[in-house]
Amino acid sequence: MARAIKGIFIECEPDIREVLLMLDAKEKFIIEDLDSRHLFINAAHLTYIQSQLDKELESTVYEVEAMQQPKAA
């Protein structure tokens with residue numbers, strides 16, 4: 001008998017894919033790792049994935065502060 005799982009097809013950069021694979025080690029949500037840019041994930045875990053990915057990106061992405069120009073006299 002066939003079994004169906006509701007999933008979501010994700011296209012992402014290879015770097016984000018690596019983060020998702022790391023998260024998958026904690027909470028199994030990847031149904032199929034298709035290639036370096038595409039994943040098929042369990043739809044029930046979408047909110048978890050979004051929140052964890054946001055946390056991970058906030059901790060690793062840095063913003064460049066605008067350089068202040070000295071005032072002319």
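Just so we're clear, the structure is a prediction, and the values are computed from it rather than from any experiment.

A. Region of interest: the confidence of the model for the chain. Summary statistics for the chain give a mean pLDDT of 88 and a share of 88% for residues scoring 70 or more. Confidence scores differ between elements of the chain, with helix H2 (residues 46–60) showing the lowest mean pLDDT of 92 and strand S3 (residues 38–42) the highest of 96.

B. Quick peek at the sheet that holds S3. Pairing in this open sheet of 3 strands is antiparallel, and the strands run S1-S3-S2 from one edge to the other. Only two strands of the sheet have a single neighbouring strand rather than two, namely strand S1 (7–11) and strand S2 (30–33). Across the sheet, the mean angle separating the axes of adjacent strands is 20° when strand polarity is ignored. Alignment of S2 against S3, held across 3 bridges, turns out to be antiparallel. Each bridged residue has a counterpart across the sheet, and for isoleucine 30 the counterpart in S3 is isoleucine 41.

C. Spatial organisation of the nonpolar core. Within the largest apolar cluster, 11 residues are counted, these being Ile10, Cys12, Val19, Leu20, Leu23, Phe29, Ile30, Leu39, Ile41, Ile49 and Leu53. Put simply, the parts of the chain that give this core at least two residues each are helix H1 (14–26), S3 and H2. Residue contributions to this core peak at 3 residues, all from H1. Leave out the neighbours within four places in its chain, and cysteine 12 touches Arg17, Leu20, Ser36 and Arg37.

About the cut-offs
Residues numbered from 1 in each chain as written. Predicted model: local features only at pLDDT ≥ 70, side-chain atom pairs only at ≥ 80, totals over all residues. Heavy atoms only, no water. pLDDT = per-residue confidence, 0-100. Helix = DSSP H or I, 4+ residues; strand = E, 2+ residues; numbered from the N terminus. Pairing = 2+ DSSP bridges. Axes fitted to C-alpha atoms, helices over the stretch in contact; angles between N-to-C directions. Core = buried A, V, L, I, M, F, W, Y, C linked by side-chain atoms within 4.5 Å. Buried < 20%, exposed > 50% of the residue type's maximum accessible area, 1.4 Å probe, protein only. Contact = heavy atoms within 4.5 Å.

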